Amino acid sequence: MATLPVSRQTFDEVLVPTYAPAAMVPVRASGLDLWDQEGKHYLDFTSGIAVTALGHANPEVNEALTKQLNTLWHIGNGYTNEPVLRLASALIAATFAERAFFCNSGAEANEAALKLARKYAHGKFGPHKSRIVSCLSSFHGRTLFTVSVGGQPKYTEGFEPLPQDLSHIPYNDIEAARAAITDDVAAVIVEPIQGEGGVIPGNPDYLKALREFCDKTGALLVFDEVQSGMGRTGSLFAYEQMGVVPDVLTSAKALGNGYPIGAMLTTNEIAQYLAVGTHGTTYGGNPLASSVGLKVLELINQPAFLGRVKEASAKVMANLQQLAADYPQVFGQPRGMGLLIGLPMAEGVKGRSKDYTKLCEKLGLMLLIAGPDVVRLAPALVVSDEQIAEADRLMRAAVAEFTAA
């Protein structure tokens, strides 16, 4: 079976149809270069939805994984292991946190954060304090709990009855937050920059207000940095640029550079409420994932590396601003932080972001969307100036085809 011929059609025959992948099937990649089954080359400005931050097949990450592959794969949560202890210690040293919990994905990290918030609130204040407040158009995962907390009805339709005691408020609206965050709220969960919701940066004043309201009511402030974390915004985590320290932070995606891992970070005081037996995971914090995560953290959390992310961001943003100026009938002004950037479609072509990215893919450039109205760019953080220029050239060529059509 290892040599069985497969194609894009095989997907439609054997997989549950939860996705509608592209027609081409990637088979090999290095850095930001990717090749499909036909040998066609692509410039990858998606990094697997902000995952392969160090590029595909990064040699140092590969070496860390290979070394661990030949040592210890898995031991179960009845035992600890050296790699997970080192990764937890490194994340704690690099952040506000004093405790770490590891799992396999961003959804699981957010699930753990929300369970912790309710356990903490029930234990410290009583069962009346259970409501979770989140933002409209947010995205926190696809488990039933996290997808319900994310304020996008298109992802919850048909899965009712949904978990209860959840409230959704407009993003960046201080007065709506003030009204919603009352004494019965256990936690407020927010993305410092909304990714799936359109690549919309959080207003620092808004995030500071959330911190103030949570402090006043005893609610926990949870930052979902699954997409914005691990250097994506030009700092290890976006909260560092916002002047706001959360009570709980979640990370995943780039933490493993493609190897599945998620993390929840918090303080000693809060962590004690998830005592032995209250939560768990079979694979979370296994030696393989932890070894990869530690190497990724070591490579990204360097001043020179993060400085280069900001430099690359400025170059990409300048190109997109000029693109929008040259084609105002196609694009609005770009927005974002670091190398998580959204390019809105202009009023007359709203709803057609996928049409545009398909043209880019045909020309050899892989891009993302953030809903039907926004093109999303999330290249690997190691993107070069030459690759930035090539992406600009291909995006312009795609605009020519888009407008001609």
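Keep in mind the model is a prediction, meaning the values are calculated, not measured. (Residues numbered from 1 in each chain as written. Predicted model: local features only at pLDDT ≥ 70, side-chain atom pairs only at ≥ 80, totals over all residues. Heavy atoms only, no water.)

Enquirer: I keep staring at the pairing of strand S12 (residues 262–266) and nothing clicks. Help me out?
Expert: The side chains of a regular strand alternate, first on one face of the sheet and then on the other. Counting buried residues along S12, five of its five residues qualify, which places the element largely inside the surrounding structure. Residue alternation in S12 divides its side chains into two sets, Gly262, Met264 and Thr266 and Ala263 and Leu265, and both sets are buried. Two elements, strand S4 (residues 99–103) and S12, share five bridges in a ladder whose sense is antiparallel. Residue pairing in the sheet places phenylalanine 101 in a bridge with methionine 264 of S12. Here four bridges tie strand S11 (residues 248–251) to S12, and the two strands are oriented antiparallel to one another. If you follow serine 251 over to S12, its bridge partner there is alanine 263. (Buried < 20%, exposed > 50% of the residue type's maximum accessible area, 1.4 Å probe, protein only. Helix = DSSP H or I, 4+ residues; strand = E, 2+ residues; numbered from the N terminus. Pairing = 2+ DSSP bridges.)

Enquirer: Explain the side chain of threonine 156 here, please?
Expert: Looking at the element boundaries, threonine 156 is found in the loop between helix H6 (144–149) and strand S6 (166–169). The exposure class assigned to threonine 156 is buried, which follows from its relative accessible area of 10%. Excluding its chain neighbours within four sequence positions, the residues that come into contact with threonine 156 are Val147, Ser148 and Leu162. (Contact = heavy atoms within 4.5 Å.)

Enquirer: Quick question: what am I supposed to make of the UniProt feature "binding site: N(2)-acetyl-L-ornithine" (unreviewed entry) in the protein here?
Expert: The feature "binding site: N(2)-acetyl-L-ornithine" (unreviewed entry), as annotated in UniProt, sits at Arg142 and Thr281 in this numbering. Secondary-structure assignment places arginine 142 in the loop between strand S5 (131–135) and H6. Not counting the four nearest positions on each side in its chain, arginine 142 is found in contact with Ala107, Val147 and Tyr155. With respect to the helices and strands, threonine 281 occurs in the loop between helix H10 (268–271) and helix H11 (287–300). The exposure class assigned to threonine 281 is buried, which follows from its relative accessible area of 15%. (UniProt positions renumbered as here; feature names shortened; annotations may be inferred.)

Enquirer: Hey, could you run me through the packing of aromatic side chains in this one?
Expert: What describes a pair of aromatic rings is the distance from one ring centre to the other and the angle between the planes of the rings. Going through the model one piece at a time under the given rule, you end up with seven aromatic pairs. Both rings, one in tyrosine 120 and one in phenylalanine 125, keep their centres 6.5 Å apart while their planes meet at 75 degrees; by these two values the pair is edge-to-face. Residue tyrosine 120 is classed as buried on the basis of its relative accessible area, which comes to 6%. You can call phenylalanine 125 partly exposed: its relative accessible area is 36%. One aromatic cluster is present, formed by Tyr120, Phe125 and Tyr273 through successive ring pairs. One Lys or Arg, arginine 28, reaches over the ring of tryptophan 35 and ends 4.1 Å from the middle of that ring. Sitting above the plane of the phenylalanine 125 ring, lysine 129 keeps its charged end 5.1 Å from the centroid. (Phe/Tyr/Trp six-rings, centres within 6.5 Å; stacked < 30°, edge-to-face > 60°. Lys NZ or Arg CZ within 6 Å of the ring centre and 35° of its normal.)

Enquirer: Got a minute to help me understand the pairing of strand S2 (residues 33–36) in this structure?
Expert: Only one face of S2 is buried: it carries Leu34 and Asp36, and the other face, with Asp33 and Trp35, is open. As paired elements, strand S1 (residues 26–30) and S2 share four bridges and run antiparallel to each other. For serine 30, the partnering residue across the bridge sits in S2 and is aspartate 33. The loop that links S1 with its antiparallel partner S2 comprises two residues; one of these, glycine 31, has a positive phi angle of about 65 degrees. Of the pairings in the sheet, the one linking S2 to strand S3 (residues 41–44) comprises three bridges and is antiparallel in character. Following the sheet pairing, leucine 34 is matched in S3 by tyrosine 42. Connecting S2 to the antiparallel partner S3 that follows it, the hairpin turn spans four residues, and glycine 39 within it adopts a positive phi of roughly 85 degrees.

Enquirer: How do you make sense of the sheet that holds S3 when you look at a structure like this?
Expert: What holds strands together in a sheet is hydrogen bonding between their backbones, with the strands either parallel or antiparallel. The strand order across the open sheet formed by four strands is S1-S2-S3-S15, and the pairing between neighbours is mixed. If you trace the sheet from one side to the other, it starts and ends with S1 and strand S15 (365–366), each paired once.

Enquirer: Help me understand helix H4 (residues 82–94), please; the structure alone is not making it clear to me.
Expert: Helical periodicity: at 3.6 residues per turn, an α-helix aligns residues three or four positions apart in one direction. With 13 residues, H4 ought to run about 18 Å at 1.5 Å a step, and its terminal C-alpha atoms sit 19 Å apart, in line with that. Those residues of H4 lying buried are Pro83, Val84, Leu87, Ala88 and Leu91. For H4, the buried positions fall inside an angular range of 130 degrees around the axis, keeping them on one side. Along H4, the residues that are exposed and aim more than 90 degrees away from the buried face are Glu82 and Ala93. Close packing links the buried residues of H4 with helix H3 (59–69), S4, S12 and H11. Looking at where H4 begins, the residue whose side-chain oxygen comes 2.9 Å from the main-chain nitrogen of valine 84 is asparagine 81. (Expected span 1.5 Å × (residues − 1). Arc of directions from axis to C-beta. Polar contact = N/O pair within 3.5 Å; in protein donor to acceptor, adjacent residues only side chain to side chain.)

Enquirer: I keep staring at the UniProt feature "binding site: pyridoxal 5'-phosphate" (unreviewed entry) in the protein and nothing clicks. Help me out?
Expert: Within this structure's numbering, the places UniProt gives as "binding site: pyridoxal 5'-phosphate" (unreviewed entry) are Gly106, Ala107, Phe139, Asp224, Glu225, Val226, Gln227 and Thr282. In sequence the annotated residues extend across 177 residues, and in space they extend as well, their farthest C-alpha pair lying 24.9 Å apart. With respect to the helices and strands, the residue glycine 106 is situated in helix H5 (residues 106–124). With relative accessibility at 11%, the residue glycine 106 sits in the buried group.

Enquirer: Please explain a nonpolar patch on the surface as it appears in this structure.
Expert: Together, Met1, Leu4 and Val6 give the surface a local cluster of nonpolar side chains, amounting to about 350 Å² of exposed area. The topology assignment puts methionine 1 in the segment before helix H1 (8–14). In this structure methionine 1 comes out as exposed when scored by relative accessible area, which is 82%. (Patch = residues over 30% accessible without salt bridge, like charges linked within 9 Å, V, L, I, M, F, W, Y side chains within 5 Å. Areas by Shrake-Rupley, 256 points an atom, 1.4 Å probe, with all protein chains shown as cover. Salt bridge = Lys/Arg side-chain N within 4 Å of Asp/Glu carboxyl O.)

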